[in-house]
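Structural characterization, general
So you can see what is in the structure, the chains are spelled out below.
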Amino acid sequence: MTMQRIESIKEFGGYLNRYTHESETCDCEMTFSVYLPPQAEQGNVPALYWLSGLTCTDDNVRTKAGAQRYAAEHGIALVFPDTSPRGDAVADEEDRYDLAKGAGFYVNATEEPWVKHYQMYDYVTQELPELVEANLPLMAGVKSVSGHSMGGHGALICALKNPDSYRSVSAFSPICNPMHCGWGKGCFGAYLGDNEESWKAYDATVLVESGANVPDILIDQGLGDEFYDEKQLLPENFQAACDRAGQKVTIRMQEGYDHSYHFISTFIGEHIAYHARMLGK
């Protein structure tokens, strides 16, 4: 359970650090970042995990979202994993942005050639939390999860499948019903095979329909989002499933906002405040 710090930058009284470690789960070297707020110098702090979207690494959110300012105000650590395994030995599809490196989809792959390395669900829910809690001033088990697009999908399924592990969950422009959109079908078919029954374990809408529940969910969706218009995100399907199941959810449809970090940075402070209230209980 060792990790190597490769970068440290002071921000808002705390430190934005970057680390590498040898992942047993993904069988490769993984990189991730953690923002430790100034309160971490006095004692352990709760953590908010951020799962990023297609094509991203840990670097996108830490440089574009402006989240560290709000994390410092609330005394919350931010944990930014990568979106897929990396390295020369890791299977890839270089001509596709929506499969393989940068597109792990937060599932545990069962099919070749992906099964050896693409175990991102176990990585973000088990290995990485155990690693950072063992090595950094974080409260054991006191964490929440959020994310964007593919990472919003990841945040929703992580919370719904592990309701006792996360204090709260939110998402920006999540892929809400991947079994019924092009991105999800492409990745699920590759990583999980042709049997769509196995896909249901990683679809937030289906999980809610099957009885999974959490105390509350916050989602922001931009109405100027091209991928919303292309029916890749399907928040209406998720809203309908939550309504039928009695799952509390707030989906805020934000006029004019797109799919980018301009949208995320506008509302990230509200999301961190939402998580801070739950992490403080």
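Position numbers for residues start from 1 in each chain and track the written sequence from start to end. Totals for whole chains, interfaces and linings use every residue, but because this is a predicted model, local features are given only for residues with pLDDT of at least 70 and side-chain atom pairs only at 80 or more, for both listing and counting. Here the side-chain values reflect all heavy atoms present in the structure, with hydrogen atoms and water set aside.

Looking up the chain in an unreviewed UniProt entry gives the name S-formylglutathione hydrolase, with the organism given as uncultured Thiotrichaceae bacterium. UniProt positions are given in the numbering used here, feature names are shortened, and annotations may be inferred rather than shown by experiment. Recorded in UniProt for the chain, the comment headed Function (unreviewed entry) runs: "Serine hydrolase involved in the detoxification of formaldehyde." Turning to the chain, the UniProt record has this under Sequence similarities (unreviewed entry): "Belongs to the esterase D family."

Notes on the overall build of the chain
A run of H or I in DSSP becomes a helix once it reaches four residues, and a run of E becomes a strand once it reaches two; helices and strands are each numbered from the N terminus. Helix and strand counts for the chain come out as nine helices and nine strands. The C-alpha atoms of the chain give a radius of gyration of 17 Å, which matches the 19 Å a tight globule of 281 residues would have. In terms of its C-alpha atoms, the chain occupies a principal-axis envelope of roughly 50 × 40 × 35 Å. Expressed as a percentage of the 281 residues in the chain, the buried residues total 59%. When contacts within the chain are restricted to residue pairs at least 6 apart in sequence, those whose partners lie at least 24 apart make up 71%. When the accessible surface of the chain is summed, it comes to about 11300 Å², and 45% of that surface belongs to carbon and sulfur atoms. We compute the radius of gyration from the C-alpha atoms alone; for a globule the expected value is 2.2 Å times N to the 0.38, where N is the number of residues. Relative accessibility decides the category of a residue: with a 1.4 Å probe and only protein chains considered, values under 20% of the type maximum give buried, values over 50% give exposed, and everything between is partly exposed. Here a residue-residue contact requires only that any non-hydrogen atoms of the pair lie within 4.5 Å. All accessible areas in this document rest on Shrake-Rupley with a 1.4 Å probe, and a residue is counted as covered only by the protein chains that are shown.

Topic: helix H2 (residues 67–74)
Of the positions making up H2, those classed as buried are Ala-67, Gln-68, Ala-71 and Ala-72. Mapping the buried residues of H2 onto a view down its axis gives an arc of 135 degrees, with all of them on the same face. Against the buried residues of H2 lie strand E1 (4–11), strand E2 (14–23), strand E3 (28–36), helix H1 (59–64), strand E5 (77–80) and helix H9 (261–279). Think of the arc as the fan of directions from the helix axis to the C-beta atoms.

A few points about the side chain of His-153
Looking at where His-153 falls in the secondary structure, it is placed in helix H4 (residues 150–161). The exposure class assigned to His-153 is buried, which follows from its relative accessible area of 0%. Residues adjacent in sequence count toward polar contacts only when both atoms are side-chain atoms; beyond that, a polar contact is any pair of N or O atoms within 3.5 Å, and within protein one must be able to donate a hydrogen and the other to accept it. A distance of 2.9 Å separates the side chain of His-153 from the backbone oxygen of Phe-105, its partner in a polar contact. With sequence-adjacent residues up to four places away left out, His-153 is seen in contact with Phe-105, Pro-174, Ile-175, Pro-178, Phe-188 and Tyr-202.

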